[in-house]
Amino acid sequence: MAIPVTRMSVPQTRPSPRFSYPNAGRVDFLCRCAPSELQPLGPEPLSLSVGIHAIPHPDKVEKGGEDASFVSSYRGGVIAVADGVSGWAEQDVDPSLFSKELMANASRLVDDQEVRYDPGFLIDKAHTATTSRGSATIIVAMLEEMGVLKIGNVGDCGLKLLREGQIIFSTTPQEHYFDCPYQLSSEGSAQTYLDASFNIVEVKKGDVIVMGSDGLFDNVFDYEIVSIVTKHTNVSESSRLLAEVASSHSRDLGFESPYALEARTKGFDVPLWKKALGMKLTGGKLDDVTVIVAKVVSS
Ligand SMILES: [Mn+2]
């Protein structure tokens, strides 16, 4: 991502996060029943078996890059990724400090009573508790043992849900303009959890969740994600392979990456004289890559 962006909008109240409901029938059922009446979706409670792999930007290897993440086994399981906005380096601020502190705070707060196992409140409390200067995108997913995955997302980290070799759900990136995502910031004038997109999806045993920073999704196509996750059922192996493919594509100047394709559709391309010679904008996006692969299993 390119530069920090701020916007003057500081909420004074703390309303409930706005969830969208891809499966209205199920959620309607959930909303109308008292908690004691809820029936598990499957015969057994579910949890996550998680593999994680990170490969820093080639120029940021020494300090480990600016992505951060955490995994928790609390309740059905919690996974999260944050991506520090690199533009802060121009102001002599280490962009990794904010994302790392944000993830450390979120990890510490997953069982906080006020968070109520809600990704919106977790993002809010973790953001409020973060004192470093900087900004970051963030995605959090929390699994209820009965098979409901709750996702909160600010910016262009992402999550895809795979079932039987097909992607059945994807988050949508949020950005102000090309390469400038929504972000949580130390400056109080950027986005907050109120700007997050929230989703609830049902998951089943055997489903696979792929979560990552934009370094994954800008460099790896959906068909490649499906292929790797389907062929390699071990979550540690599939997360490593996905990260390696992303890192390899990111350094390949001739690769027609998802990033290059999107850039061209947004009007970015090589200069006209190069176009006249039949050339076009290609290549991956050099970036930190963080990949979490989480398989839904019986507890
Ligand atoms: Mn990134």
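Residues numbered from 1 in each chain as written. Predicted model: local features only at pLDDT ≥ 70, side-chain atom pairs only at ≥ 80, totals over all residues.

Enquirer: Help me out: how do you make sense of helix α2 (residues 95-109) in this one?
Expert: At 3.6 residues per turn, the α-helix brings residues three or four places apart onto the same side. Its 15 residues give α2 an end-to-end C-alpha distance of 22 Å, which sits within 8% of 21 Å, the value for a rise of 1.5 Å per residue. For α2, the full list of buried residues reads Pro-95, Ser-96, Leu-97, Phe-98, Ser-99, Lys-100, Glu-101, Leu-102, Met-103 and Ala-106. Among the structural elements, β3 (67-72), β4 (78-84), α3 (119-129), β5 (135-144) and β11 (184-185) are those in contact with the buried residues of α2. (Helix = DSSP H or I, 4+ residues; strand = E, 2+ residues; numbered from the N terminus. Expected span 1.5 Å × (residues − 1). Buried ≥ 20, exposed ≤ 12 C-beta atoms within 10 Å, placed from the backbone. Contact = placed C-beta atoms within 7 Å.)

Enquirer: How should I be thinking about the sheet that holds strand β2 (residues 46-55) in this particular structure?
Expert: Remark on secondary structure: sheet strands pair via backbone hydrogen bonds, oriented parallel or antiparallel. What the five strands build is an open sheet, ordered β2-β14-β13-β7-β8; its pairing is antiparallel. On the outer flanks of this sheet lie β2 and β8 (166-170), each paired with one strand and no other. The average angle at which neighbouring strand axes cross in this sheet is 25 degrees, direction not considered. Pairing geometry for β2 and strand β14 (residues 289-298), over 10 bridges, is antiparallel. The residue of β14 that forms the bridge with Ile-52 is Ile-292. (Pairing = 2+ DSSP bridges. Axes fitted to C-alpha atoms, helices over the stretch in contact; angles between N-to-C directions.)

Enquirer: Looking at this structure, I do not really get unusual backbone geometry. What am I missing?
Expert: One non-glycine residue, Arg-75, lies in the positive phi region at around 50 degrees. Residue placement: Arg-75 occurs in the loop between β3 and β4. Of note, the phi angle at Asp-179 is positive, near 70 degrees, even though the residue is not glycine.

Enquirer: How should I be thinking about the pairing of β3 in this particular structure?
Expert: The side chains of a regular strand alternate between both faces of the sheet. Note: β3 against β4, six bridges, orientation antiparallel. Residue pairing for β4: Ala-68 is matched across the bridge by Ala-82. Between the antiparallel neighbours β3 and β4 lie five residues, among them Arg-75 with a positive phi of about 50 degrees.

Enquirer: How do you make sense of the packing of helix α5 (residues 222-231) against helix α6 (residues 235-250) when you look at a structure like this?
Expert: Working note: a packed helix pair is described by the angle between its axes plus the distance between those axes. The N-to-C vectors of α5 and α6 enclose an angle of 150 degrees; their axes lie 9 Å apart at closest approach. Between α5 and α6, the angle is such that the two are roughly antiparallel. The interaxial crossing formed by α5 with α6 has right-handed handedness. Taking contact as the criterion, the partners of Glu-224, Ile-225, Ile-228 and Val-229 in α5 are, on α6, Ser-238, Leu-241, Leu-242 and Val-245. Among the residues making up the contact of α5 with α6, the classes are represented as six nonpolar, one polar and one charged. (Parallel < 35°, antiparallel > 145°, perpendicular 65-115°, else oblique. Left-handed = near helix turned anticlockwise from the far one by under 90°. Nonpolar A, V, L, I, M, F, W, Y, C, P; charged D, E, K, R; others polar.)

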